[in-house]
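Residue strings, one per chain:
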Amino acid sequence: ARIERQIEQRTLMLSGVSHDLRTPLTRMRLGLSMINEEDAAPLLADVDDMQRMLDEFLNFAKGAAEGEPEKVAPHGFVRAIVEDAQRGGRQVALLPPEGTGEGMVKLRKVAMRRAVDNLISNAVRYGSQAEVSVMLSDRTLRIRVEDDGPGIPEERRDEATRPFSRLDPARNQDKGGGVGLGLAIASDIARAHGGVLRLGESARLGGLRADIVIAR
Ligand SMILES: Nc1ncnc2c1ncn2[C@@H]1O[C@H](COP(=O)(O)OP(=O)(O)OP(=O)(O)O)[C@@H](O)[C@H]1O
Ligand SMILES: [Mg+2]
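Each residue is numbered by its place in its chain's sequence as written, counting from 1. Each chain takes a letter, starting from A, and each ligand takes a number, starting from 1, following the order in which they are written. Local features in this predicted model are restricted to residues of pLDDT 70 or higher, and side-chain atom pairs are both shown and tallied only at a pLDDT of 80 or more, whereas totals for entire chains, interfaces and linings draw on every residue. By convention in this description, side-chain values take in all heavy atoms of the structure and omit both hydrogens and water.

Draft legend 1. Spotlight on the site of ligand 1. Each residue is tested against the molecule or strand, and it is near if at least one of its non-hydrogen atoms lies within 4 Å. Residues in contact with ligand 1 amount to 20 residues; listed here are only the nearest, Asn 122, Tyr 126, Asp 147, Arg 166 and Leu 183. The separation between an oxygen atom of ligand 1 and a polar side-chain atom of Tyr 126 is 2.7 Å. Any pair of N or O atoms that falls within 3.5 Å is considered a polar contact. Within protein, one atom must be able to donate a hydrogen and the other to accept it, and sequence-neighbouring residues count only if both atoms are side-chain atoms. In the model, an oxygen atom of ligand 1 is placed 3.3 Å from a nitrogen or oxygen of the Val 179 main chain. Contact with the protein chains removes 96% of the 590 Å² of surface that ligand 1 exposes when unbound. Elements are defined by DSSP. Helices are runs of H or I of four residues or more, strands are runs of E of two residues or more, and each kind is numbered from the N terminus. Counting only elements with at least two residues in the shell around ligand 1, the list comes to α4 (109–126), α6 (169–172) and α7 (182–192). Considering every element that reaches the shell around ligand 1, the biggest residue donor is α4, with 3 residues. In this classification, Asp, Glu, Lys and Arg are treated as charged, Ala, Val, Leu, Ile, Met, Phe, Trp, Tyr, Cys and Pro as nonpolar, and every other residue, Gly included, as polar. Considering only residue class, the shell around ligand 1 consists of 8 nonpolar, 7 polar and 5 charged. Surface exposure here means Shrake-Rupley accessible area, sampled with a 1.4 Å probe, where a residue is shielded only by the protein chains that are shown.

Draft legend 2. Representation of the domain arrangement of the protein within the structure. For the purposes of this description, domain bounds are those given by an automatic or database domain assignment. Split by domain assignment, the protein resolves into domain 1 (2–62) and domain 2 (70–215). Distance between the C-alpha centres of domain 1 and domain 2: 27 Å. Whether two residues are in contact is decided by their heavy atoms, any of which lying within 4.5 Å being enough. Taken residue by residue, the interface counts 7 residues in domain 1 and 10 residues in domain 2. The quantity reported as buried area is the accessible area (1.4 Å probe) lost by two parts once they are put together, taken as the sum for both. For the pair domain 1 and domain 2, the summed buried area comes to about 660 Å², and 67% of that belongs to carbon and sulfur atoms. Ranking the residues of domain 1 by area buried against domain 2 places Arg 52, Glu 56 and Phe 60 at the top, with a combined share of 64%. Any Lys or Arg side-chain nitrogen found within 4 Å of a carboxyl oxygen on Asp or Glu counts as a salt bridge. The interface formed by domain 1 and domain 2 holds 0 salt bridges in total.

Draft legend 3. Representation of the pattern of salt bridges. Applying the stated criterion to the full structure yields 12 salt bridges. For Arg 29, the salt bridge is made with Asp 48, and the minimal N-O distance between the two is 2.4 Å. One end of the pair, Arg 29, is in helix α1 (residues 2–32); the other, Asp 48, is in helix α2 (residues 37–62), and 19 residues separate them in sequence. Among the salt bridges present, the one from Arg 144 reaches Asp 211, with a minimum N-O distance of 2.8 Å. In this pair, Arg 144 is assigned in strand β5 (residues 140–147) and Asp 211 in strand β7 (residues 208–215), connecting sequence segments 67 residues apart. Here Arg 144 and Asp 211 have matching classes, each one buried. A 1.4 Å probe rolled over the protein chains alone gives each residue an accessible area, and that area as a share of the maximum for its type sets the label: buried under 20%, exposed over 50%, partly exposed in between.

As structure tokens, then:
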């Protein structure tokens, strides 16, 4: 309990700092808009980066416990997420439902959607296409996201899941700047549901296979 309290205090402090930094950042953006565009452009890009990192951190700090658990039909829930991603122009497909389980599962919808979204955005960022599938049994729900990218070698999977850790920055460079929170957030959210995020290798596509597995 003491460790938990300490983590909570530290997270609170960090989100306080992150939040406070947004005001001066907004001022900097304003100030930059008044100077010569050519000089300002790289600085504006830095300000944008900082803003994005703060936003992501604040999301992270908001935590996995967000929202009350609600009963949802898992396949329909995931289908809606995939359809939104498709409308956003992402190469992602939903596979047919698996497993013999029936009925509803209690989920914190906002948080779980964020977790699945994070896995999909990784899949299409590091690979070129994603496949999502839902397996429901009597006892567990598994939401799986697979891709055709380079995957993550077994010995680096723990590291990849840690907050702010990005593997192989050279390889990631042209993939857009992430801050390294996507998997940490997904893993936190799985845990808040009494489950886990499990990383493996996709037998279907050869890239990463990321499973959120929770007991029902
Ligand atoms: N589907 C994937 N295929 C290959 N490597 C991956 C995949 N998903 C994550 N990784 C590796 O794990 C690292 C951590 O992923 P994570 O989602 O936590 O952060 P990020 O994608 O770098 O940034 P963010 O998600 O915060 O925008 C990534 O930088 C990347 O090196
Ligand atoms: Mg990511």
